[in-house]
Amino acid sequence: MKATPHNVATGFGTLGRGICIITGASKGFGWALAHEVYHLLEPGSVLLLVARSGTLLQELKEELQSFTDKQRLVVHCIAANLSTTEGVNETVRSSFTYPLCLSLSLLPGSLGPISGFQSFTDLERVNSYLSLNISSPLTLTAGILQTFPRRPGLRWSVVNVSSIYALQALPSWALYCTAKAARKMMFSVLAEEEPNVKVLSYSPGPLDTDMQEEIRRLTGISHCLFPCKESAAKLMKLLLDNDFSSGAHLDFFEV
Ligand SMILES: NC(=O)c1ccc[n+]([C@@H]2O[C@H](COP(=O)([O-])OP(=O)(O)OC[C@H]3O[C@@H](n4cnc5c(N)ncnc54)[C@H](OP(=O)(O)O)[C@@H]3O)[C@@H](O)[C@H]2O)c1
């Protein structure tokens, strides 16, 4: 794994002036990240919020803009389904409107079915999950990188929201573990290939979100959960300190 010399932070304690794309921003960890990032981007920056629920994104936008002068940042909501080609293309197209210098994209994923290995006989169901959680972040990231060709001063950071289950096998979680492991490798390849792109896979720890609610409902197991804000703040500190190797996989409990 190699380290890249550039720093995400361009101003003192800020992420600099640029464009930040957060997928899965309507709730959970993505929502908390939007709050953290909003306060760390410098004036004139653009925050693109992506999820299917346009109403929740709009509410988030209004909440963010109520904290400061509305003109400080451009916040743009993209109500798009990232499991479709149109959703991915629309997100890439929207990022093209804002040719700024620093770009940061954060890529959450989804839970999917929890059930025994032998239950996965339906190819379409399996493909649909893997498409949203592997193919979509690949094509979205590739499309965005293509939109902003290399030029001096342009720095890219990509955060893959990962999980401990990218590294550990968990019975009945074949799809989730597979997708997280594949994403970890996919972004490690990006880190090896593109020295101008700083890549981080961040495992956010067990978080108090709808996803955990769903896990409780499906398995009856409840975990000790942490507030999304705490994990999002740790991730921001990692990005600001910028002393990880590109392609690293870091866990909430280790940092
Ligand atoms: N929660 C945990 O304990 C935990 C632990 C480790 C890792 N993680 C990881 O953290 C990430 C976020 O988890 P979370 O708990 O915050 O999940 P969450 O509360 O369920 O939020 C998922 C987000 O993804 C969006 N989304 C889902 N399907 C989408 C689609 N087809 N197109 C566009 N957006 C879509 C949802 O918005 P819409 O429904 O509006 O589309 C929502 O904003 C995931 O990658 C998860 O694997 C979570």
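Residues numbered from 1 in each chain as written. Predicted model: local features only at pLDDT ≥ 70, side-chain atom pairs only at ≥ 80, totals over all residues. Heavy atoms only, no water.

## With respect to the sheet that holds strand β6 (residues 197–203)
Then comes step 1: Strand order in this open sheet of seven strands is β3-β2-β1-β4-β5-β6-β7, and the pairing throughout is parallel. At either margin of the open sheet sits one strand with a lone partner, and together these are β3 (74–79) and β7 (248–251). Here the strands of the sheet are splayed against their neighbours by 15° on average, with no regard to which way each runs.
Then comes step 2: As paired strands, strand β2 (residues 46–51) and β3 are joined by six bridges and run parallel to one another. Looking at β3, one finds that L49 is bridged to C77.
Then comes step 3: Along the sheet face, helix α2 (residues 54–67) touches β2 and β3 and points at about 170° away from the line of β3. (Pairing = 2+ DSSP bridges. Helix = DSSP H or I, 4+ residues; strand = E, 2+ residues; numbered from the N terminus. Axes fitted to C-alpha atoms, helices over the stretch in contact; angles between N-to-C directions. Contact = heavy atoms within 4.5 Å.)

## Some words on the packing of aromatic side chains
Then comes step 1: Enumeration according to the criterion identifies six aromatic pairs in this entry.
Then comes step 2: With a centroid separation of 5.7 Å and an interplanar angle of 40°, the aromatic rings of Y165 and W173 are classed as tilted.
Then comes step 3: On the basis of relative accessibility, which here comes to 9%, the residue W173 falls in the buried class.
Then comes step 4: Aromatic rings pair up to connect Y165, W173 and Y176 into one cluster.
Then comes step 5: It is R72 that lies over the ring of Y38; its NZ or CZ is 5.5 Å from the centre.
Then comes step 6: Geometry around F244 places K198 over its ring, the cationic atom sitting 4.3 Å from the centre. (Phe/Tyr/Trp six-rings, centres within 6.5 Å; stacked < 30°, edge-to-face > 60°. Buried < 20%, exposed > 50% of the residue type's maximum accessible area, 1.4 Å probe, protein only. Lys NZ or Arg CZ within 6 Å of the ring centre and 35° of its normal.)

Read these as layout, nothing more, since geometry by itself doesn't imply function.
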